[in-house]
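# Examination of the molecular architecture
Each chain, written out:
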Amino acid sequence: MTRLVVVTVGVTHSGKSTFARALEHQLPNSVVVDQDNHAEFINSYYMKLRPKDGPPQLKYAVTQTIVNYAIHQTNLHLILCNSNRDREGREQLLKHFQNEGFITVLVEFDLPDHILQQRVANSERSKKIFRSASSFEEVLRRQQADPHNVAMNKPTAEEADFMYTIRSTDDVQSVIQQIIRIF
């Protein structure tokens, strides 16, 4: 069976989780792997183990364990609901999935800043995922702080077998239908 891996790319509150859950409901035999869930789990139960500085290695390890299990112990399509904003890491991730026989799909979320700012201002999402930020506004500011870095890490069609861009909520259902038609 041909399997898909759908990798979302975007800043906080761009719609990655909402999209992933909608896709999971419409794409048979699929599962969402969301690092925010792993961060909340670690912050709720293993705060003493959480790294104080540097990359969130424990969160990455939990995610990697779940992904490896899904790859080798199931026949599910995977929907990775993370920001995946670093090009180098994203390319390694996609290459790994291609080597495992997956068809790779990138979904970039490129919403206007005013919509993102409105969403974070009105957010009711749990803040238990935070390690070093105090608000989603702060996370968004950090993610948008360096326009050069943002441009350098912008996804390109060459990275995956398929790539789609969502610029408004009106694009979501169309992109989902295009992904479902791949397999």
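In this report, the structure presented in the accompanying data block is examined. (Residues numbered from 1 in each chain as written. Predicted model: local features only at pLDDT ≥ 70, side-chain atom pairs only at ≥ 80, totals over all residues. Heavy atoms only, no water.)

## Quick look at the pattern of salt bridges
For clarity, the threshold we go by: Any carboxyl oxygen of Asp or Glu within 4 Å of a side-chain nitrogen of Lys or Arg constitutes a salt bridge here. Helix and strand labels come from DSSP, where a helix needs a run of H or I of at least four residues and a strand needs a run of E of at least two; each type is numbered from the N terminus. Here's how the labels work: a residue is buried when its accessible area is under 20% of the maximum for its type, exposed when over 50%, partly exposed in between, all with a 1.4 Å probe on protein chains only.
A complete count under the given rule lists five salt bridges for this structure. R87 is the salt-bridge partner of E159, the closest N and O atoms lying 3.6 Å from each other. On the criterion of sequence distance, the pair formed by E159 in the loop between α7 (147-152) and β5 (162-166) and R87 in helix α4 (residues 87-99) is long-range, its members being 72 residues apart. Put simply, R90 and E159 hold a salt bridge, and the shortest N to O gap is 2.6 Å. Separated by 69 residues along the polypeptide, R90 in helix α4 and E159 in the loop between α7 and β5 bring together distant segments of the chain. Considered together, R90 and E159 belong to a single accessibility category, that of buried residues.

## Focus: the sheet that holds strand β2 (residues 30-34)
Threshold: In this scheme, strands are said to pair when DSSP sees at least two bridges between them. The axes used here are C-alpha line fits, helices contributing only the stretch in contact, and every angle between their N-to-C directions lies in the interval 0 to 180 degrees. We call two residues in contact whenever any of their non-hydrogen atoms come within 4.5 Å of each other.
If you walk across this open sheet you meet the five strands as β2-β3-β1-β4-β5, and the pairing is parallel. Each end of this open sheet is capped by a strand with a single partner; those strands are β2 and β5. On average, each strand axis in the sheet is inclined to that of its neighbour by 20°, with strand direction left out of account. The pairing of strand β4 (residues 102-109) with β5 spans five bridges and is classified as parallel. Across the sheet, the residue bridging to F109 is I166, located in β5. Against the sheet, helix α8 (residues 172-182) makes contact with β1 (3-9), β4 and β5, and its axis sits at roughly 170° relative to β5, the strand it touches most.

## Concerning helix α1 (residues 16-26)
Worth spelling out the cut-off: This arc is built from the directions going out from the helix axis to the C-beta atoms.
Here α1 has its buried residues at K16, S17, F19, A20 and L23. Buried residues along α1 cover an arc of 160° about the axis, so they all sit on one side. For α1, exposure combined with an orientation more than 90 degrees from the buried face picks out T18 and H25. Each element contacted by the buried residues of α1 is listed here: β1, β2, β3 (77-81), β4, β5 and α8.

## A short note on the packing of α1 against α8
Stated formally: An angle below 35 degrees is read as roughly parallel, one above 145 as roughly antiparallel, one from 65 to 115 as roughly perpendicular, and any other as oblique. For a crossing to be left-handed, the near helix must be turned anticlockwise from the far one by less than a right angle; the clockwise case is right-handed. Side-chain classes follow a simple rule in which Ala, Val, Leu, Ile, Met, Phe, Trp, Tyr, Cys and Pro form the nonpolar group, Asp, Glu, Lys and Arg form the charged group, and the remainder, Gly included, forms the polar group.
At a minimum axis separation of 10 Å, α1 and α8 run at an interaxial angle of 45°. Here α1 lies oblique to α8, going by the angle between them. Every pair of crossing elements has a handedness; the one defined by α1 and α8 is right-handed. Every residue of α8 that contacts α1 at F19, A22, L23 and Q26 is listed here: V172, Q173, V175, I176, Q177, I179 and I180. The residue makeup of the contact of α1 with α8, split by class, is eight nonpolar, three polar and no charged.

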